[in-house]
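Letter by letter, the chains look like this.
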Amino acid sequence: MRHFLILLRRDLSLLLGGERRGATLLPVLFFLAVAMLYPFAVGPDAPVLARTGGGVLWIAALLAAILPLDRLVEPDLELGLFDQLALRGISEELAMTARMVAHWLSFAPALLLAALPASALVGTDVATLKTVELGLLAGTPGLAALGVLVAALTASLRGGAALGGLLVIPLAVPLLVFGAGSLSTGGEAGIALTAAFSLVLVAITPFAAAAAIRSARG
Amino acid sequence: MQACRLTANNLACQRGERLLFRGLGLELTSGQGLQVKGANGIGKSSLIRILAGLLRPLVGTVEREGSIGLLDERPALDPGLPLGQALVFWQRLDGPGDAELAQLGLSGLLEVPVRYLSTGQKKRAALARLLGQEAPIWLLDEPLNGLDAKGVALVEALVAQHCAQGGIALVASHQPIALPGGAAIDLADFTA
């Protein structure tokens, strides 16, 4: 547990600040930019915007979560960090769990906050906003897990970042289907399914990502 | 320092299609140093990684008593952080070590981001991390790369001190390095 907290502290400070200051804000600004551009593209038809706005927020959130993918695992693999941790008896599973939690903390709370002005921009009503917020709360852990998983899988590949983005999108489809689907049914069932899929990803990722890192050692 | 031992039996290593070495055995106990010599690409780094448990040998076994400290070409220090902070992360994991930053010539560099350090300075910083770990078994992969004459003397002194305290030091280097006891093996004797 002590090791976990030390790792979490490091990962979080690297993802949030340090040399990459401002990079955290980037997914959130990206998310807001999509919400801002959407009415321009679709036109000022309030009912259409209100009906489709929730879904657009979901797509924006998904894409925003992909942005930091290239700096999630690859830099540390090159640094030899995981080798040094392994020599100290700290498993890759623990390191990846810390990374997953840090990744979620670095983008999800800010995204949930940004969803408030974003929903105003696309003109969704309060009930829809509530469903979007709950859905994102249920879905973002899955997005964070997926991000770490794919980042670990592609870390040892050349040009892995671009491939990583492409890999995340199809794998995130269930989250999107259930999460955005909960908007049309207005219901808890969709959110519960989103949460369930999120949980599966969160449960698998530490082991799959750790295996990917060990195999990258080759 | 507690008693430590590093034993390898009949190691063989394959990378891709190539068999790098075979039939390699060694036994090191407290206080012993060993240099592994050999040309570039002969498998020195692979041997170090096998001994560290990071790479699986094709055949053979490795037994370790005591924890491993590894120094290779990657310093494992965050390039964006000032050196002091980058070292603090390892101090948190390893506990307060006895790394004397002044002795390593680093005391003036603690505020400098790791990415701005020269090759030799990075090597010294990695040595600080290694010292702080207080591991009895040292595996050093080309520790002299990028170091000036003073740095070379420093590494030799640190290794001598480590062995005098009952540690093991295995140094893979193509350059001459003075080790306590002066034992050396040449990987060319084990090539397939």
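Note that the coordinates shown come from a computational prediction; the quantities given were computed from them, not determined experimentally.

Caption draft 1: Molecular detail of the overall build of chain A. Broken down by element type, chain A carries ten helices and zero strands. Listing the helices and strands of chain A from first to last along the sequence gives α-α-α-α-α-α-α-α-α-α. Relative to the compact-globule value of 17 Å for 218 residues, chain A shows a C-alpha radius of gyration of 18 Å, a close match. Taken along the three principal axes of its C-alpha coordinates, chain A extends 60 × 35 × 30 Å.

Caption draft 2: Summary view of the sheet that holds strand 6 (residues 137-141) of chain B. Residues and elements named next belong to chain B. Reading across from one edge, 5-6-7-3-8 is the order of the five strands in this open sheet, with parallel pairing throughout. Strands with a single pairing partner mark the edges of an open sheet, and in this sheet they are strand 5 (68-71) and strand 8 (184-186). Averaged over all neighbouring strand pairs, the angle between strand axes comes to 15 degrees, with direction disregarded. Bridge count between strand 3 (residues 33-37) and strand 8: three bridges; the pairing is parallel. By the bridge assignment for strand 8, Gln-35 is matched with Ala-184. Packed onto the sheet, helix 4 (residues 149-164) meets strand 3, strand 6 and strand 7 (168-172) and runs at close to 150 degrees relative to strand 7.

Caption draft 3: Fine view of the packing of helix 7 (residues 126-154) of chain A against helix 10 (residues 188-217) of chain A. Residue and element names in this part refer to chain A. For the pair helix 7 and helix 10, the least separation of the axes is 8 Å and the interaxial angle reads 20 degrees. In terms of their interaxial angle, helix 7 and helix 10 are classed as roughly parallel. Of the two possible hands of crossing, helix 7 and helix 10 adopt the one that is left-handed. Taking contact as the criterion, the partners of Leu-134, Gly-135, Ala-138, Gly-139, Pro-141, Gly-142, Ala-145, Leu-146, Val-148, Leu-149, Ala-152 and Leu-153 in helix 7 are, on helix 10, Ile-191, Thr-194, Ala-195, Phe-197, Ser-198, Leu-201, Val-202, Thr-205, Ala-208, Ala-209, Ala-212 and Ile-213. Of the residues that constitute the contact of helix 7 with helix 10, the class distribution is 18 nonpolar, six polar and no charged.

Caption draft 4: Local environment of the pairing of strand 5 of chain B. All names here are of chain B. A two-sided burial pattern is seen for strand 5, the buried positions comprising Ile-68 and Leu-70 on one face and Gly-69 and Leu-71 on the other. Where strand 5 lies against strand 6, four bridges are found, and the strand directions are parallel. Note that in strand 6 the partner of Gly-69 across the bridge is Trp-138.

Caption draft 5: Focus on the interface of chain A and chain B. Each side of the interface is counted separately: chain A has 16 residues, and chain B has 14 residues. Broken down by secondary-structure element, the contributors of at least two residues to the side of chain A that touches chain B are helix 1 (2-16) and helix 5 (81-87) of chain A. Its residues placed into classes, the side of chain A that touches chain B shows six nonpolar, four polar and six charged.

Caption draft 6: Representation of the sheet that holds strand 4 (residues 59-65) of chain B in the model. Residue and element names in this part refer to chain B. Across the sheet, three strands lie side by side as 2-1-4; this open sheet has antiparallel pairing. Strands with a single pairing partner mark the edges of an open sheet, and in this sheet they are strand 2 (18-29) and strand 4. The average undirected angle you get between the axes of adjacent strands in this sheet is 20 degrees. Examined bridge by bridge, strand 1 (residues 5-15) and strand 4 share six bridges and lie antiparallel to one another. In the sheet register, Arg-5 faces strand 4, and the bridge partner there is Glu-65. Each of strand 1, strand 2 and strand 4 is contacted by helix 1 (residues 44-52), which is oriented at about 130 degrees to strand 1, the strand it contacts most.

Caption draft 7: Quick look at the environment of Leu47(B). Residue and element names in this part refer to chain B. Within the secondary structure, Leu-47 sits in helix 1. A sequence separation of eleven residues divides Leu-47 from Val-36, and the C-alpha atoms of the two residues are 9.1 Å apart. Those residues within four positions of Leu-47 in sequence are excluded, and the remaining contacts are Cys-13, Val-36 and Ala-172.

Caption draft 8: Structural view of the packing of helix 9 (residues 173-185) of chain A against helix 10 of chain A. Residues and elements named next belong to chain A. Relative orientation of the contacting elements helix 9 and helix 10 amounts to 165 degrees, with a least axis distance of 7 Å. With respect to each other, helix 9 and helix 10 are oriented roughly antiparallel. Here helix 9 and helix 10 pass one another in a crossing that is left-handed. Only Ala-189, Gly-190, Ile-191, Leu-193, Thr-194, Phe-197 and Ser-198 of helix 10 make contact with helix 9, whose side of the interface consists of Pro-174, Leu-175, Phe-178, Gly-179, Gly-181, Ser-182 and Thr-185.

Caption draft 9: Summary view of helix 8 (residues 160-171) of chain A. Residues and elements named next belong to chain A. Compared with an ideal rise of 1.5 Å per residue, which puts twelve residues at 16 Å, helix 8 spans 16 Å between its outermost C-alpha atoms and is within 8% of the ideal. Taken as a whole, helix 8 has its buried residues at Gly-160, Gly-164 and Val-168. The arc that holds every buried residue of helix 8, seen down its axis, measures 70 degrees, which confines them to one face. Turned more than 90 degrees from where helix 8 packs its buried face, Ala-162, Leu-166 and Pro-170 sit exposed.

Caption draft 10: Here's a closer look at helix 10 of chain A. For helix 10 of chain A, which comprises 30 residues, the first-to-last C-alpha distance of 43 Å matches the rise-based estimate of 44 Å (1.5 Å per residue) to within 8%. The principal kink in helix 10 of chain A, of about 40 degrees, is found at Thr205(A), preceding the proline Pro206(A) by one to four residues.

Caption draft 11: Summary view of the nonpolar core. Residues Leu57(A), Ala61(A), Val148(A), Ala152(A), Leu139(B) and Leu170(B) are the most contacted members of the largest nonpolar core, which totals 120 residues. If you tally residues by element for this core, the top one is helix 6 (residues 92-122) of chain A, at 14 residues. For Leu139(B), the residues in contact, after removing those within four places along its chain, are Ile48(B), Leu51(B), Ala52(B), Ile68(B), Gly69(B), Leu70(B) and Leu170(B).

Caption draft 12: Structural context of unusual backbone geometry. Residues and elements named next belong to chain B. The backbone of Asn-10 shows a phi angle near 50 degrees, a positive value even though the residue is not glycine. C-beta crowding within 10 Å serves as the criterion here: with 12 such atoms nearby, Asn-10 is assigned to the exposed category. At Ala-76, a residue that is not glycine, the phi angle is positive and equals roughly 55 degrees. Mapped onto the elements of the fold, Ala-76 is located in the loop between strand 5 and helix 2 (83-94). The exposure class of Ala-76 is buried, given the 22 C-beta atoms found within 10 Å.

Basis of the calculations
Numbering of residues starts from 1 in each chain and follows the order in which that chain's sequence is written. Written order determines the labels here, with chains lettered from A and ligands numbered from 1. With the structure being a predicted model, the display of local features is reserved for residues of pLDDT at least 70 and the display and counting of side-chain atom pairs for 80 or more, all residues being used for whole-chain, interface and lining totals. Only DSSP runs of H or I covering at least 4 residues are called helices, and only runs of E covering at least 2 are called strands; the numbering of each starts at the N terminus. Atoms counted for the radius of gyration: C-alpha only. Globule rule: 2.2 Å times the number of residues to the power 0.38. Strand pairing is defined by DSSP finding a minimum of two bridges between the two strands. Each axis is a line fitted through C-alpha atoms, taken for helices only over the stretch in contact, and angles between the N-to-C directions span 0 to 180 degrees. Distance between backbone-placed C-beta atoms decides contact: two residues are in contact if it is within 7 Å. Each angle gets one of four labels, with under 35 degrees taken as roughly parallel, over 145 as roughly antiparallel, 65 to 115 as roughly perpendicular, and the rest as oblique. Crossing handedness is defined as follows: a turn of the near helix away from the far one that is anticlockwise and smaller than a right angle gives a left-handed crossing, while the clockwise case is right-handed. Gly is put with the polar residues, along with every residue not named as nonpolar or charged; the nonpolar set is Ala, Val, Leu, Ile, Met, Phe, Trp, Tyr, Cys and Pro, and the charged set is Asp, Glu, Lys and Arg. Around each residue's C-beta, the other C-beta atoms within 10 Å are counted; 20 or more make the residue buried, 12 or fewer make it exposed, and counts in between make it partly exposed. All C-beta atoms are placed from the backbone. Multiplying 1.5 Å by the helix residue count minus one yields the expected span of that helix. The reported arc concerns the directions from the helix axis to the C-beta atoms and nothing else. By definition, a residue's bend is the angle between the axes fitted to the seven residues ending there and the seven starting there. The nonpolar core is taken to be a set of buried Ala, Val, Leu, Ile, Met, Phe, Trp, Tyr and Cys residues joined by way of C-beta atoms within 7 Å.

Remember, this is a structural readout, not a statement about activity or role.
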